[in-house]
Amino acid sequence: MGFNATCTPGRDAGAAMIRMTPEVPALAIYLDPVNIAIQLPPFPGGSDVLMRFCQELSREAAKLADHLGNQEGRHALAEEAPDVRG
């Protein structure tokens, strides 16, 4: 299933590993109010594909968190935006 979406996290956003069934783990992303569950692909080796995806997601999310946490990343948008008030 393919789709594109752009979402922003609400104040109560979070993520968790959940179990859809006792045998099927999934990654739940709670964006407040949108929820997404990323499940095991239904083909041989699907657990390896999901594992690699989660590792990449973790790595890239850490990069973004580090960028936003440093002074330049935190204020880059506000400082670079032109003053349109005239």
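Residues numbered from 1 in each chain as written. Predicted model: local features only at pLDDT ≥ 70, side-chain atom pairs only at ≥ 80, totals over all residues. Heavy atoms only, no water.

Novice: Could you clarify how one ought to interpret the overall build of the chain in this entry?
Specialist: A count of helices and strands for the chain gives two helices and three strands. Along the chain, helices and strands appear, N-terminal first, in the series β-β-β-α-α. Within the span of the chain, comprising 86 residues, buried residues form 9% of the whole. When the accessible surface of the chain is split by element, carbon and sulfur atoms take 57% of a total near 7,400 Å². (Helix = DSSP H or I, 4+ residues; strand = E, 2+ residues; numbered from the N terminus. Buried < 20%, exposed > 50% of the residue type's maximum accessible area, 1.4 Å probe, protein only. Areas by Shrake-Rupley, 256 points an atom, 1.4 Å probe, with all protein chains shown as cover.)

Novice: Whenever I open this one, the pattern of salt bridges confuses me. Can you help?
Specialist: Side chains that differ in sign of charge can pair as their charged atoms come close. Summed over all chains, the structure comprises two salt bridges. The partner of R59 in a salt bridge is E60, and the shortest N-O contact between them spans 3.8 Å. With relative accessibility at 37%, the residue E60 sits in the partly exposed group. The residue K63 makes a salt bridge to E60 at a minimum N-O spacing of 3.0 Å. Remark: E60 and K63 occur in helix α1 (residues 46-69); sequence separation between them is three residues, near one turn of the helix. Residues participating in the shared-partner salt-bridge network are R59, E60 and K63. (Salt bridge = Lys/Arg side-chain N within 4 Å of Asp/Glu carboxyl O.)

Novice: Sorry if this is basic, but what is going on with the sheet that holds strand β1 (residues 14-21) here?
Specialist: Backbone-to-backbone hydrogen bonds pair the strands of a sheet. The strands run either parallel or antiparallel. In spatial order, the strands read β1-β2-β3; together these three strands make up an open sheet with antiparallel pairing. If you trace the sheet from one side to the other, it starts and ends with β1 and β3 (35-39), each paired once. With strand direction ignored, the average angle separating the axes of adjacent strands in the sheet is 30 degrees. (Pairing = 2+ DSSP bridges. Axes fitted to C-alpha atoms, helices over the stretch in contact; angles between N-to-C directions.)

Novice: Is there a simple way to explain unusual backbone geometry in this structure?
Specialist: Among all residues save glycine, negative phi is the norm, and among peptide bonds the norm is trans. With omega at 20 degrees, the peptide bond leading from D32 into P33 counts as cis. One can find P33 in the loop between β2 (24-30) and β3. Its identity as a non-glycine residue notwithstanding, D32 has a phi of 60 degrees, on the positive side. Inspection of the secondary structure assignment puts D32 in the loop between β2 and β3. By relative accessible area, which is 33% here, D32 ends up partly exposed.

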